[in-house]
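Read off the chains here:
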Amino acid sequence: MKARGAGARLLPFAGAFATMALSILIAAWVLRLGQARLSFPWNYAGEGDAKFYLLVVKSIIGHGWYQTNSSLGAPFGQQLYDFPQSADNLNLLAIKGLAALSSSPAVVLNVFFLLTFPLVSLSAYLVLRKLRISAAAAVICSAIFALLPYHFYRGESQVLLSAYYAVPPAALLFLRLWEEPGLFTRRLGAESGPLAWTSRRSLVTCACCLVIGSAGLYYAVFALALLLGGTLVALIVAITRRSSRRAGHAAAGDDDPAGGSRAITGRDDRRRDEPRGDVRAVVSGTIASLLIAATLAVNLAPSLLYRAEHGADRSIARTTLQSDQLGLRLTDLVLPVQQHRLPFLSNVNQTYTEATSTGYCEACFENLGGVGTVGFAWLCLVALASIVGVGGAIAMRSAYRPAALGVALSIGVATIGGGSSLVAFFLTRDIRGWNRISLFIAFFSLLAIATLLDSAVRRLRGSGQSRVLGIALLAVVLVLGVLDETSTYFVPKYAKDAHEWNSDASFVKAIEGRMPPGASIFQLPYVPFPEGYGSISASVSLPDTTFGTTYELARGYIHSDALRWSYGAMKGRAADWQGELAVKPLYLSLAAAAADGFQGLWVDPHGYSASARARLAPVLGGLLRTAPVYSPAHDLLFFDLRPFAARLARTHTPEQVQALRYGTLHPLRTDCGPDGLELTNPSSSTRTATLSMLMSMRSPNPTTVLIHYPDGSGEAVSPGTKAIALRRRLNLPAGESAVRFSLMGTPKRPAARAAGPIVEQATLTEDALVPFESAPGRGAGARMAAGAAPPSCPQTVVAVTSQATP
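Keep in mind the model is a prediction, meaning the values are calculated, not measured. (Residues numbered from 1 in each chain as written. Predicted model: local features only at pLDDT ≥ 70, side-chain atom pairs only at ≥ 80, totals over all residues. Heavy atoms only, no water.)

### Here we look at the overall build of the protein chain
- The secondary structure content of the protein chain amounts to 26 helices and 16 strands.
- Counting every position in the protein chain, which comprises 806 residues, the buried fraction comes to 53%.
- Across the protein chain, every contact between residues at least 6 apart in sequence was considered, and the portion connecting residues at least 24 apart equals 78%. (Helix = DSSP H or I, 4+ residues; strand = E, 2+ residues; numbered from the N terminus. Buried < 20%, exposed > 50% of the residue type's maximum accessible area, 1.4 Å probe, protein only. Contact = heavy atoms within 4.5 Å.)

### Regarding the sheet that holds strand 10 (residues 687–697)
- The three strands lie next to each other as 13-10-15, forming an open sheet whose pairing is antiparallel. Here the strands that pair on one side only, and so sit at the sheet edges, are strand 13 (724–732) and strand 15 (757–766). Sheet twist, expressed as the mean angle between neighbouring strand axes with direction ignored, is 25°. (Pairing = 2+ DSSP bridges. Axes fitted to C-alpha atoms, helices over the stretch in contact; angles between N-to-C directions.)

### Quick word on the pattern of salt bridges
- The tally for this structure, following the rule as stated, stands at 25 salt bridges.
- Ionic pairing is found between Glu552 and Lys51, a salt bridge with its closest N-O pair at 3.1 Å. Note that Glu552 is positioned in the loop between strand 3 (520–524) and helix 22 (555–559) and Lys51 in helix 2 (residues 50–63), a separation of 501 residues in sequence.
- Judged by its relative accessible area of 8%, Glu552 falls in the buried class.
- In this structure, the salt-bridge partner of Glu362 is Arg154, at a minimum N-O distance of 3.1 Å. Of the two residues, Glu362 sits in the loop between helix 15 (348–356) and helix 16 (369–388) while Arg154 sits in helix 6 (residues 149–154), which places them 208 residues apart along the sequence. (Salt bridge = Lys/Arg side-chain N within 4 Å of Asp/Glu carboxyl O.)

### Re the nonpolar core
- Counting residues in each nonpolar core, the largest one holds 154 residues, and the members touching the most others are Phe145, Tyr164, Phe174, Tyr219, Ile292, Phe444 and Trp602.
- With near-sequence residues (within four places) excluded, Tyr219 lies in contact with Tyr150, Leu161, Ala163, Tyr164, Val167, Ile212, Leu439 and Phe440.
- Within the second largest apolar cluster, 36 residues are counted, among which are Ala617, Leu665, Leu769 and Phe772. (Core = buried A, V, L, I, M, F, W, Y, C linked by side-chain atoms within 4.5 Å.)

### Points about the packing of aromatic side chains
- Evaluated as defined, the whole model comprises 32 aromatic pairs.
- Both rings, one in Trp65 and one in Tyr66, keep their centres 5.2 Å apart while their planes meet at 55°; by these two values the pair is tilted.
- Residue classification places Trp65 among the partly exposed residues on the basis of a relative accessible area of 22%.
- Its relative accessible area of 1% is what places Tyr66 among the buried residues.
- Among the aromatic side chains, those forming a connected cluster through ring pairs are Phe113, Phe117, Phe152, Tyr153, Phe365, Tyr489 and Phe490.
- Taking NZ or CZ as reference, Lys51 lies 4.8 Å from the ring centre of Tyr44, over its face.
- Directly above the aromatic system of Tyr218 lies the positively charged group of Arg436, at a separation of 4.4 Å from the ring centroid. (Phe/Tyr/Trp six-rings, centres within 6.5 Å; stacked < 30°, edge-to-face > 60°. Lys NZ or Arg CZ within 6 Å of the ring centre and 35° of its normal.)

### Topic: the packing of helix 23 (residues 586–595) against helix 25 (residues 642–651)
- At a minimum axis distance of 9 Å, the contact between helix 23 and helix 25 shows a crossing angle of 95°. The orientation of helix 23 relative to helix 25 falls into the category roughly perpendicular. Contact residues: helix 23 offers Tyr587, Leu590, Ala591, Ala594 and Ala595, while helix 25 offers Phe644, Ala645 and Leu648.
- Its residues assigned to classes, the contact of helix 23 with helix 25 shows eight nonpolar, no polar and no charged. (Parallel < 35°, antiparallel > 145°, perpendicular 65-115°, else oblique. Nonpolar A, V, L, I, M, F, W, Y, C, P; charged D, E, K, R; others polar.)

### Quick word on the packing of helix 16 against helix 20 (residues 467–485)
- Relative orientation of the contacting elements helix 16 and helix 20 amounts to 110°, with a least axis distance of 6 Å. One way to sum up the angle between helix 16 and helix 20 is to call them roughly perpendicular. Together, Gly369, Gly370 and Val371 of helix 16 and Val477, Gly481, Asp484 and Glu485 of helix 20 make up the contact between the two elements.
- Residues of the contact of helix 16 with helix 20, tallied by class, amount to two nonpolar, three polar and two charged.

### Overview of the confidence of the model for the protein chain
- Counting all residues, the mean pLDDT for the protein chain is 85, and 85% of those residues have values of 70 or more.
- Confidence drops under pLDDT 50 across residues 255–261; counting only partners more than four residues distant or on other chains, this segment forms 18 contacts.
- The model gives residues 535–543 a pLDDT under 50, and that stretch makes 26 contacts with residues more than four places away or in other chains. (pLDDT = per-residue confidence, 0-100.)

### Topic: the environment of Ile431
- Of note, Ile431 is situated in the loop between helix 18 (419–426) and helix 19 (438–462).
- Note on Ile431: relative accessible area 7%, which makes it buried.
- A C-alpha to C-alpha distance of 10.0 Å links Ile431 and Phe222, two positions 209 residues apart in sequence.
- Sequence-distant contacts of Ile431, defined by excluding residues within four places in its chain, comprise Leu217, Tyr218, Val221 and Ser323.

### Quick look at a nonpolar patch on the surface
- On the surface, a nonpolar cluster with roughly 370 Å² of combined accessible area is contributed by Leu232, Leu235, Ile236 and Ile239.
- Relative to the helices and strands, Leu235 is located in helix 10 (residues 217–246).
- Given a relative accessible area of 37%, Leu235 falls into the partly exposed group. (Patch = residues over 30% accessible without salt bridge, like charges linked within 9 Å, V, L, I, M, F, W, Y side chains within 5 Å. Areas by Shrake-Rupley, 256 points an atom, 1.4 Å probe, with all protein chains shown as cover.)

### Things to note about helix 25
- Taken together, the buried positions of helix 25 are Phe644, Arg647 and Leu648. Each buried residue of helix 25 lies within a common arc of 105° when the element is viewed along its axis, so the set occupies one face. The exposed residues of helix 25 that point more than 90 degrees off its buried face are Ala649 and Arg650.
- Looking at the packing, one finds that the buried side of helix 25 touches helix 23, helix 24 (610–624) and helix 26 (654–665). (Arc of directions from axis to C-beta.)

### Re the pairing of strand 9 (residues 676–681)
- Here five bridges tie strand 8 (residues 669–673) to strand 9, and the two strands are oriented antiparallel to one another. Residue Cys672 lies in a different strand from strand 9, and its bridge partner there is Leu677.
- Counting the residues in the hairpin turn of strand 8 and strand 9 gives two residues.
- In this sheet, strand 14 (residues 735–744) lies alongside strand 9 in antiparallel orientation, the contact comprising five bridges.

### So, the environment of Glu531
- Its place among the elements puts Glu531 in the loop between strand 3 and helix 22.
- Placed 448 residues apart in sequence, Glu531 and Phe83 show a C-alpha to C-alpha distance of 10.0 Å.
- Within the structure, the side chain of Glu531 is placed 3.0 Å from the side chain of Arg432, a separation counted as a polar contact. (Polar contact = N/O pair within 3.5 Å; in protein donor to acceptor, adjacent residues only side chain to side chain.)

Okay, structure coming up:
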């Protein structure tokens, strides 16, 4: 009897263990983990952001947390406040816990990624059980939810997005808006006061809000969108019902034209206080939204305070166009997965992608899978039946209609040209990947499938059919669901990953053997951090802005324990001094690195164009007068800068070297501003420099452009559609100033912007840097650039005037 009692107590946990085991075992089969090793990451050599997350994990291991890192962005260090990850604090704390067990970033990243499968399936299982789904159907649908193509596509490249266990709790809050007794309830027998609301249901709601607000910015925003959308629907229903009652239509429940909560839940509740359900949904939805928003704000507080003190970093600003490019497309939900297992479906997704996408297409992996698509179609049918007033023709449980509303709201918010586009245009562009709301659509769809499975199993039993048929039905759904939404496309290239990882590890170990502990390593080519050059294409051939991923230069730090690295300073901030050297001669960059105390040079030739790649090693060897050290894979170069620094000290005066150091670590800056070309002098005194830029016109019509310099002088130029080179020596005052542009003799009209000048490659070369622009005795030296051209300012004309030519 005691054993039977213990078994009964463990029975509720059996389903949870079953779905976790199923998800991890099937994931291991899909990923072919038998070919893998924990000691190297599983997306190291591929394109994506895996190296960024290895960098984050390494920061947590070596520095305790990820927001500041003195080993990156030398000599000032890295600060990640402008690129916040703290909305994922729950995930990052889990990574920190794993870091206590291993000092290898690869092992920690791999283990965390594997844990996302059972975590997601467990979360989905618990929520489905809360929604009164049977244990068997919950196990099947939870495992399918954890194995979506979305999960494998994100993988370790976007590992925090792979941890989408906050989605089911968010869906639960939305569904409970329409369910009696709602999100918050009183404890039985409790008196009035705040403690009276600490019921189990209220505590579950609060716990869900804390998890949602701490496990991913996107998932929290999507939860807020659904809750606020549901709250708005409930408010509209409540107002409509109240108006109907005042008109005399609410005396009898059957005559209620608005339908109230019954329009959402399908309940046939005819109590006199029925409108309270709608008011309850409005209040509880608002409170839950505030709890999520407050949790999110607390997690993001360091970044918000940093932005308030230092201002926004325009270099990492999103655009309205990106919100549409990364919006949701309905076709992507129902198309088969990439490289489907059935031959006649294997190329459908790829063919459609090539026909409709201009490049990067993460929305192409938002597939619901065959099982999810059936649930999605069923919810669409439910919504249609409710709209045309024939809901009774479909045997519906109360969960169907709220789930259908959730799908409708998700599509309305996230689809291209939908609510997300308005949010990006009028409110904020910081949220751009709206296609990721497909996870909510998938959960609602699988909830519908779980409900249908429960109904089917009950009917089989009611008709006297064997219980085995019900089990067989569940097994068939699981097998078909898994086979349909997974493919060999998601199998990592383990051999390639291991080869590059081992080569980098050996290379860094050899460098650490040559350099003293704490030595700083200068890295070329310059690549902005984070996210590289984005969609900006340089007008010069160097570097190759498409090489590998945007985080290739993190490879040195990931394997290093005793060195500091120039890569990783936040672009757009003062610490990103190397960005101002990007288009300047290579010799100047090398001299600046030596003057700034860097003792070694790390070069990734793949960051340069194919034509420059072949001559890169000879050019650098000639300038530095030393031979390179190659990585075992022969894909990276390293030079010892100490002999070069010694020669620099002999060929230039200490004052010149000191001026070079100050001029490069505190550089004069140019930026595209709303009022023209913005110039910044970070020092407290006037500095002399030469402004160089290319100017062309959008319109072929001859137009005179007036250039107004910060010292009050100006000049008139007549550029055409072909760029002309302009140079001007300026005395720049401390702080900010601007070069402004206006058109000569053009009437003021909106079309003037379209005819305005395009300014490209605007750079400032301080007088102190000129002696180091070319190698002594080598004339112009190697004019190879150390990075790419700065971004262009496509429409800097902001004023239209008829002034006389200066």
